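Listed here are the chains, written in short residue letters.
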Amino acid sequence: MTSSSSSSSSTQELLNTLLNNPSTIKSKLQAKQLHAQILKTRPNPSPSHISALLSLYSNFANLLRDSLLLFQTLHSPPPLAWKSLIRSYTSHGFFLQSVASFVRMRASGRYPDHNVFPTVLKSCAMLGDLTLGESLHGSVVRHGMDSDLYTCNALMNMYSKFRSLGKNGGERFSARQVFDEIPEWKGGVESYFGGVEKREVNADASRDSIESSEMSKEMETRLPRTSNASGISKRKEVERHVQMDSVRKVFDMMPYRDLVSWNTVIAGSAQNGMYEEALSMLREMGNNNMKPDSYTLSSVLPIFAEYVDIIKGKEIHGHAIRNGFDADVFIGSSLMDMYAKCTRMEDSLRVFDLLPRCDAISWNSIIAGCVQNGMCDEGLRFFRQMLTAKIKPMPVTFSSIMPACAHLTTLHLGKQLHGYIIRSRFDYNVYIASSLVDMYAKCGNIRTARWIFDRIETHDMVSWTAIIMGCAFNGYAHDAISLFEQMEAKGTKPCYVTFIAVLTACSHAGLIDKAWEYFNLMTQRFGIAPGLEHYAALADLLGRAGRLEEAYNLISDMHIEPTGSVWLTLLAGCRVHKNVELAEKVAEKIFMVDPLNMGAYVILSNVYAAARRWKDVARLRASMKKKGMRKKPACSWIEVRNKVHAFVAGDNSHPYYDRINVTLKVLLEKMEREGYVPDTNEVLHDVDEEQKKALLSSHSERLAIAFGIISTSAGTPLRITKNIRVCVDCHTAIKYISKIVGREIIVRDNSRFHHFNGGKCTCGDYW
C-alpha cells in the first residue's frame, strides 16, 4: 500500500469517526470544514454521509440555508435527513415549513420515529392550530409512539399552549388554510393526517376524543346565557378545561413520567388559570417521590401572587433556599413578581439584591414591581441601572416603565424613552404603542397620543381604552365617546376599564343621558358588573349637574358596599351647589366607613366656609388637629429645562420670587383691562376683600405659570401639575393669561387636564 492510499484511508477513518461522533464538532466553522474535507476526498458523498452532515448542521444556528442546499442534493432522502431538516426549520422558527416537511416525508413513504414527533409537535404548538395538533396526535398513536416519553411530553406541551378550541378561524392562525394555498399540497393535510391515519387511531383514543367533545358540549349547554360577554367568558373557561383535559389524558396514559412531564402539566394548569389543579398536581408530584426543580417552583409562584398568599409564597421561597434554587434567575424573577403583587416590595428588593447575576427578566421584574407599587422614581432608577449594566431592554421593559413617566408626568423622560423605542424598532409593538399613548395622554400631550394611536395597524382593547381614557381626561369628551363607538363598530369588545373611561368622559362633559345609556349597556349587553369606579363616575356626573338626591339614591342602592371615595364624589357636588344639609349627611356616611378620610374633612370645611359658618369650620379643624390630621398644602409643579420647580400657595422662597411677583402684577393689570373680576367667594377665610384678592393671586398654579413665562421663550407651552382641584377663580384667570401671553397652558389637577388656549379651556368650564 502506498503512502498516499494509506493517508487517504486514515483520512476516511477520521471523517467517519467525526460523523459518527457529532458531539466532537463544537462550532459551525468545524462543521463546514468537515463538509469541505468530505467533498475533497469524495466528490459524490453517499446519502448516509449527507444525512450525517445534515444532522450535524441542525445542531447550529444560522445554517438553515446550508442545510437546505445539502438536502436538495438527495434524490431519496433517508429518515435521518428528513429528521434533520424538520429540526432545522423548527429551531429557526419556520414552524409551517417544519410541518410541511413532515407532510412531504410521509408522502415519500418514510415513517416518522420518536426523534421526529417531538420536533414537529413543537412546531404545531407554535402555530396554534388545534385541528392539526389533533391530527398529529392521531399519527402518534398510529405509529405506536404514544408510550414514548419525549413524544408524550411534546404532546402535553402542545395541548397546554393552545389557547382556543374553536375551529380554524377568527384571530387564530390556521396551518391548514396555508397548506390549502400551496398547489402541490391541496388536500395534503387531510390525506396524510385526517384520512387513513385518523381513522386507524385505536378505539381508546377515539373514545377519549368523543368524550372530550361531548364534555365540551355538555358544559356549554349548562352555561347561563345572560349576556354575550359572560357567555364568551364562560366558553373560554370551558375551552381551558377541555384543553387541559387533553393534557391530563396524555399524562395519565404515560407508562413512565419524568420531571418534564410533571412540570408540563403543572405549568399548563397554572398558565390556564386552573390554580387548584396545578397545586393538586404539585402535591401528587411530591407523593410520587418526584422533587420539584426551579421550573416547577417558578410555575407555581404566580398562583400565590394571584391569590395574594404571602404565607404560601414564603414557603416556596424557603424551599428554594433549602434546595439551592434561590440563586436561579427564573426563581428570583418569580419571587420578585410574587412579593410585588403581595405589596411586599421590601422583600422583592431583597431578592433582587441577593441574586448573583441579573438578566433582562430580573431587571424587568424589579422595574415592573416598583412601578406597580407606586415607587415610580425607584423604577426609573433601576431602568437607568439596567442600561448602565449593558442589559438591552425588551418590549415588556418599556411597557413596564412607561406608566412611571405617566404617573410622574415627566414628559421629557417619556420622549427620551420614545426615541429609544424607535431606535430599537419596538414602536410597531401594539403593547408598547398602547403604553406610549397612555404616557403622552397622561402628560397632557393628547395630540401626540392620538398620532401614535392612529399609526397602530391593528387596535386591540388596550389601545382603544388608552386613547378613550386619554381623551376623557384631557377634556375631549366627545372625541372619547366617538372613539368608543368606533371601537364597538369594529368589533372590539370593551372591558371594565373601557367603561370607566367612557363614563368619565360623560362625567366631564355633563352627558347624563349618554352616561346612563353606557352604564346599562355595560351590564345588559356585555355582562360586566359595575364596580366602585363606575358608580363614582356616575355619581360625580349627577353631583356636578346638581341632581344631588339622584346621586345619593344611586350610591345608597349600589349592589356593593360604597366606600368613602364613592361618597366623596357626591360630597364634592354638595360643595359646588352649596347644599350644606346633604353635605353633612354624606360626610357622616364617609366617616362611618373611613374615619380618617382627609378629603371629606377638607370639603366639609369648605362647605361650611362658603356658607360663612365659621364656628363649624373651627370645630372641624379642631377635630382634625385632635386626630393628628393635617391638610395637605396646595402645591403646583412646572418642569423647565428638565428640572422640576415646586410652588406652594403664598410661597416666597423661590430664588425668582421677586420677578414672579412683578410678572403676576403686570398680568393682573392686563387681565382686569380685559374684563377679569376676581371671584372672592372662592377664598374660604374670614378676611377682608383686599386680603382675599391677594390670596387668590398667590395660588400655587399662578406662581408656577408666572415662573414658566419668565423662564421659557415666547410661544412655549406651559405644563403645570397641581395636587388639588383648580379653583374657579384660577380657572378664569388662566383663560385670560393664555390669551394675553399667546401660549397654550396645560394644567393637570387631581382629577383631569385643562388645556387653556386663546382664552378658552377644553373643559368648557364644566369640571
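Starting from 1, residues in each chain are numbered consecutively following that chain's sequence as written. Where totals are concerned, whole chains, interfaces and linings use all residues; where local detail is concerned, this predicted model gives features only for residues with pLDDT of at least 70, and gives and counts side-chain atom pairs only at 80 or more. Side-chain metrics rest on all non-hydrogen atoms present in the structure, leaving aside hydrogens and water.

(A) Region of interest: the overall build of the protein. Of regular secondary structure, the protein possesses 39 helices and six strands. Counting only residues that meet the buried cut, the protein has 50% of its 767 residues in that class. Contact criterion: two residues are considered in contact whenever any of their non-hydrogen atoms come within 4.5 Å of each other. A fraction of 64% describes how many contacts in the protein between residues 6 or more apart in sequence connect residues 24 or more apart. Surface accessibility in these figures is a Shrake-Rupley result with a 1.4 Å probe; residues are shielded only by whichever protein chains are displayed. Total accessible area on the protein is roughly 37,100 Å²; 52% of this is exposed by carbon and sulfur atoms. Numbered from the N terminus, helices here are DSSP runs of H or I no shorter than four residues, and strands are runs of E no shorter than two. Burial status follows relative accessibility: with a 1.4 Å probe on protein chains alone, a residue under 20% of its type maximum counts as buried, one over 50% as exposed, and anything between as partly exposed.

(B) Representation of the UniProt feature "repeat: PPR" (unreviewed entry) in the protein. Those places that UniProt annotates as "repeat: PPR" (unreviewed entry) correspond, in this numbering, to residues 258–292, 359–393 and 460–494. Along residues 359–393 the backbone is 74% helical and 0% strand, and the end-to-end C-alpha distance reaches 10 Å. Each end of residues 460–494 is marked by a C-alpha atom, and these two atoms are 10 Å apart; helix forms 74% of the span and strand 0%. UniProt positions are given in the numbering used here, feature names are shortened, and annotations may be inferred rather than shown by experiment.

(C) Expanded view of the sheet that holds strand β3 (residues 718–722). At least two DSSP bridges between two strands are needed for those strands to be called paired. The strand order across the open sheet built from six strands is β2-β1-β3-β4-β5-β6, with neighbouring strands paired in mixed fashion. A strand with exactly one partner marks an edge of an open sheet, and here the two such strands are β2 (643–648) and β6 (760–761). Summarising the sheet, strand β1 (residues 635–640) and β3 pair through three bridges and their orientation is antiparallel. Bridge pairing in β3 places Ile638 opposite Ile720.

(D) Structural context of the packing of helix α32 (residues 564–576) against helix α34 (residues 598–610). Note on geometry: axes are lines fitted to C-alpha atoms, helical ones only across the stretch in contact, with angles between N-to-C directions running from 0 to 180 degrees. Contact geometry for α32 and α34: axes closest at 9 Å, N-to-C directions at 15°. It follows that α32 is roughly parallel to α34 by the angle criterion. In this structure, α32 meets α34 at a crossing whose hand is left-handed. Packed against α32, whose contacting residues are Leu568, Leu571, Ala572 and Arg575, the element α34 presents Gly599, Ala600, Ile603, Leu604, Asn606 and Val607 at the interface. Any residue that is not Ala, Val, Leu, Ile, Met, Phe, Trp, Tyr, Cys, Pro, Asp, Glu, Lys or Arg is counted as polar, Gly included; the first ten are nonpolar and the last four charged. Class assignment for the residues of the contact of α32 with α34 results in seven nonpolar, two polar and one charged. Each angle is binned into one of four classes, with values under 35 degrees roughly parallel, values over 145 roughly antiparallel, values of 65 to 115 roughly perpendicular, and all other values oblique. Two helices crossing with the near one rotated counterclockwise from the far one by less than a right angle form a left-handed crossing, whereas a clockwise rotation gives a right-handed crossing.

(E) Local environment of the side chain of Ser160. Structurally, Ser160 is set in helix α9 (residues 149–161). On the basis of relative accessibility, which here comes to 4%, the residue Ser160 falls in the buried class. Two N or O atoms form a polar contact when they lie within 3.5 Å of each other; inside protein one atom must be a possible hydrogen donor and the other a possible acceptor, and for residues adjacent in sequence the pair counts only when both atoms belong to side chains. A polar contact is formed between the side chain of Ser160 and the backbone oxygen of Asn157, at a distance of 2.9 Å.

(F) How the structure looks around unusual backbone geometry. For Val308, which is not a glycine, the phi torsion comes out positive at approximately 50°. With respect to the helices and strands, Val308 occurs in the loop between α16 (294–307) and α17 (310–322). The backbone of Asp765 shows a phi angle near 65°, a positive value even though the residue is not glycine. Mapped onto the elements of the fold, Asp765 is located in the segment after β6.

(G) Fine view of the environment of Leu408. On the secondary structure map, Leu408 appears in helix α22 (residues 395–408). Between the C-alpha atoms of Leu408 and Asp377, which are 31 residues apart in sequence, the distance is 8.3 Å. Residues contacting Leu408, with those up to four places away along its chain left out, are Cys376, Asp377 and Leu380.

(H) Local environment of the pattern of salt bridges. A pairing counts as a salt bridge when a side-chain nitrogen of Lys or Arg comes within 4 Å of a carboxyl oxygen of Asp or Glu. The full count for this structure, using the stated rule, is 21 salt bridges. Ionic pairing is found between Glu584 and Arg613, a salt bridge with its closest N-O pair at 3.2 Å. With Glu584 in helix α33 (residues 580–593) and Arg613 in the loop between α34 and α35 (614–626), the pair connects residues that are 29 residues apart, well separated along the chain. A salt bridge links Asp616 to Arg619; its shortest N-O distance comes to 3.3 Å. Placement of the pair is Asp616 and Arg619 together in helix α35, with a separation of three residues, close to one helical turn. Judged by relative accessible area, Asp616 falls into the buried class, the value being 18%.

(I) Region of the structure containing the nonpolar core. What makes a nonpolar core is a set of buried Ala, Val, Leu, Ile, Met, Phe, Trp, Tyr and Cys residues whose side-chain atoms join them at distances within 4.5 Å. Residues Met338, Met439, Ile467 and Leu570 are the most contacted members of the largest nonpolar core, which totals 180 residues. Those residues in contact with Met439, other than ones at most four positions away along the chain, are Met402, Cys405, Ala406, Leu411, Gly414 and Lys415. Counting residues in each nonpolar core, the second largest holds 28 residues, with Phe647, Ala704, Phe707 and Cys763 among its members.

(J) View of the packing of α34 against α35. For the pair α34 and α35, the least separation of the axes is 8 Å and the interaxial angle reads 160°. Between α34 and α35, the angle falls in the class roughly antiparallel. As α34 packs across α35, the resulting crossing turns out to be left-handed. For the pair α34 and α35, the contacting residues are Met598, Tyr601, Leu604, Ser605, Tyr608 and Ala609 in the first and Trp614, Asp616, Val617, Arg619, Leu620, Arg621, Ser623 and Met624 in the second.

(K) Highlighting the pairing of strand β4 (residues 745–748). In this sheet, β4 lies alongside β3 in parallel orientation, the contact comprising four bridges. Looking at the pairing, Arg719 lines up with Ile746 of β4. A crossover links β3 with its parallel partner β4, the connecting element being helix α39 (residues 728–741), and its sense is right-handed. Pairing of β4 with strand β5 (residues 753–757) involves four bridges; the strand directions are antiparallel. Of the residues in β5, the one forming a bridge with Arg748 is Phe753. When the strands point away from the viewer, a crossover counts as right-handed if the path from the first strand over the helix to the second runs clockwise.

(L) Here's a closer look at the confidence of the model for the protein. Confidence per residue, as judged by the predictor, is encoded in pLDDT with a range of 0 to 100. Summary statistics for the protein give a mean pLDDT of 84 and a share of 84% for residues scoring 70 or more. For residues 1–7, every residue scores under 50 in pLDDT, and the model assigns this stretch one contact once sequence neighbours within four places are set aside. Across residues 164–173 the pLDDT falls below 50, and counting only partners more than four positions away or on other chains, this stretch makes 24 contacts in the model.

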